[in-house]
Amino acid sequence: MKSLAAVLQQPQVMRLQEFQIAPLRPDEVLLKVEQVAVCGSDLPRYTGESTRLHLPIILGHEIVGHVAELGEQATAYGVAPGDRVVVEPYLTCGRCRYCLRGRYQLCEQNRCYGVTLTSDQPPYLLGGYSEYMVLIPGSRLHKIDGAVPAGAASLASVVANGLRWVQTRGRIQIGETVVIMGCGAQALASVLAAREGGAGLIIVMGLARDIPRFAMARQFGAQEIVNVDEEPPVEAVHRLTAGLLADLAIECSGAPAAITAAIDILRPGGRLVQIGTNATTVPITTNLIVRKELQIIGGLGQTFEVGTAVKLLNSCRYPIEALTMQVFPLAEAEQAIRYALEHPQCIRVGLKP
């Protein structure tokens, strides 16, 4: 049995390659990929700008598929052939200090499908840009209803990110004011999480180029939208909160101006969850952090929130599939990445083998 996969061999060089699928080891699972999303973090890996570049690699870590085959000792996953499942990106060793404390996205083995696991050694098929994928020990799978559109199901980990940043890391309380800075997939997932967490007021900030996304932010639960090209963020939050400012800020853009503004818009005792990344040094006013007793919290990926995200997806209460705005066949994987690079307003591109 063989599988076609799109392999990133070096920056900006992706080629289709056929792999022979070896017999499964007792603790492995074979997944037939239904759809995979082109994550924003795949783009700098393709261009070579990423600081986490492992080559050659089959990209793709936002995956939905069907169990094709189970190794004889793979019963612990609780799935059977034919089950439709989403796959978490991070693998857990289950033994290091981080896994034992429930932070397996920080696992010392640093294993993540489509990010750190290369395609030059068995079992090769360790990313979602492929017809089939081999799931190795440490994987986490979740059954998902067949009624959930593939464009939504493949984003289970993205929804889980929002839940982690707003609810787990941000510790939202009912009635609090939340400001979400950015209007991409992660920011929109954070809007949804804030609504599910009982936020009193949800304010989303974006640029003029994000205007097409503002309507989606409202669908997901935002009551107020700020175009920061027209109104400064701090002035907008003062206006919308009658000077009370925000309890929680989720900074998703990584823009230096947004990071510094996030500190200004928080009331005393407020929390900032920083998830947007930036390779440059960002100056911040530490006096404000001290005088307002702010908490600045980093947010990386998701852990146990994926199960909750799947329940939310199964409810079909939100049009999450609308985030996947274009779908390409696997044979056009490189064109799909270039499309995403050239059309930044496309929130997510999907690949369907």
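Structure: above.
Residues numbered from 1 in each chain as written. Predicted model: local features only at pLDDT ≥ 70, side-chain atom pairs only at ≥ 80, totals over all residues. Heavy atoms only, no water.

(A) Focus on a nonpolar patch on the surface. Nonpolar side chains collect at one region of the surface, where Tyr98, Leu106 and Leu300 lie side by side and expose about 230 Å² of accessible area between them. Checked against the element boundaries, leucine 300 lands in the loop between β13 (295-298) and α10 (305-315). By relative accessible area, which is 40% here, leucine 300 ends up partly exposed. (Patch = residues over 30% accessible without salt bridge, like charges linked within 9 Å, V, L, I, M, F, W, Y side chains within 5 Å. Areas by Shrake-Rupley, 256 points an atom, 1.4 Å probe, with all protein chains shown as cover. Salt bridge = Lys/Arg side-chain N within 4 Å of Asp/Glu carboxyl O. Helix = DSSP H or I, 4+ residues; strand = E, 2+ residues; numbered from the N terminus. Buried < 20%, exposed > 50% of the residue type's maximum accessible area, 1.4 Å probe, protein only.)

(B) The arrangement of the layout of surface pockets in detail. Considered as a void within the structure, the second largest pocket measures approximately 170 Å³ in volume. Considered class by class, the residues forming the lining of the second largest pocket number nine nonpolar, one polar and two charged. (1 Å grid on protein atoms, 1.4 Å probe; cavity = no way out; pocket = protein on both sides within 12 Å on 5 of 7 lines; lining within 4 Å. Points joined across faces, edges and corners; volume = space filled by probe spheres on them. Nonpolar A, V, L, I, M, F, W, Y, C, P; charged D, E, K, R; others polar.)

(C) Local environment of the pairing of strand β9 (residues 201-206). Along β9, six of the six residues are buried, which leaves the element largely enclosed by surrounding structure. Of the strand pairs in this sheet, strand β8 (residues 177-181) and β9 are connected by five bridges, and their pairing is parallel. Residue pairing for β9: valine 178 is matched across the bridge by isoleucine 202. Regarding the hand of the β-α-β motif, the stretch spanning β8, helix α5 (residues 185-196) and β9 is right-handed. Of the crossover connections in this fold, the one passing from β9 over helix α6 (residues 211-220) to the parallel strand β10 (residues 224-227) is right-handed. (Pairing = 2+ DSSP bridges. Right-handed = clockwise from strand over helix to strand, strands pointing away.)

(D) Here's a closer look at the sheet that holds β13. Across the sheet, six strands lie side by side as β10-β9-β8-β11-β12-β13; this open sheet has parallel pairing. Lying at the two open borders of the sheet, with one neighbouring strand each, are β10 and β13. Across the sheet, the mean angle separating the axes of adjacent strands is 20 degrees when strand polarity is ignored. Where strand β11 (residues 246-251) meets strand β12 (residues 266-274), five bridges bridge the pair, whose relative direction is parallel. Counted as the bridge partner of isoleucine 250 is valine 273 from β12. (Axes fitted to C-alpha atoms, helices over the stretch in contact; angles between N-to-C directions.)

(E) Spotlight on the pattern of salt bridges. Under the counting rule described, the total for this entry stands at twelve salt bridges. Where arginine 140 meets glutamate 88, a salt bridge forms, and the shortest distance between an N and an O atom there is 3.2 Å. In this pair, arginine 140 is assigned in the loop between β6 (132-135) and β7 (141-143) and glutamate 88 in the loop between β5 (84-87) and α2 (97-100), connecting sequence segments 52 residues apart. On the basis of relative accessibility, which here comes to 25%, the residue arginine 140 falls in the partly exposed class. The class for glutamate 88 is buried, based on a relative accessible area of 1%.

(F) Local environment of helix α11 (residues 333-342). Of all the residues in α11, the buried ones are Ala333, Glu334, Ala336, Ile337 and Ala340. Looking down the long axis of α11, one finds its buried residues gathered within 160 degrees of arc, a one-sided arrangement. Contact partners of the buried residues in α11: β1 (2-10), β2 (13-20), β3 (29-38), α1 (42-47), β14 (324-329) and β15 (348-352). (Arc of directions from axis to C-beta. Contact = heavy atoms within 4.5 Å.)

(G) How the structure looks around unusual backbone geometry. The omega torsion across leucine 55 and proline 56 is -10 degrees, close enough to zero to call that bond cis. Within the fold, proline 56 resides in the loop between α1 and β4 (62-70). The peptide bond linking proline 122 to proline 123 adopts the cis configuration, its omega dihedral lying at 5 degrees. With respect to the helices and strands, the residue proline 123 is situated in the loop between α2 and β6. At asparagine 110, a residue that is not glycine, the phi angle is positive and equals roughly 55 degrees. In this fold, asparagine 110 is placed in the loop between α2 and β6.

(H) Summary view of the environment of isoleucine 225. For isoleucine 225, the location among the structural elements is in strand β10. Given the relative accessible area of 16%, isoleucine 225 is considered buried. Spatially, the C-alpha atoms of isoleucine 225 and alanine 322 are 19 Å apart, while their sequence positions differ by 97 residues. Excluding residues within four positions of it along the chain, isoleucine 225 makes contact with Val204, Phe214, Ala217 and Arg218.

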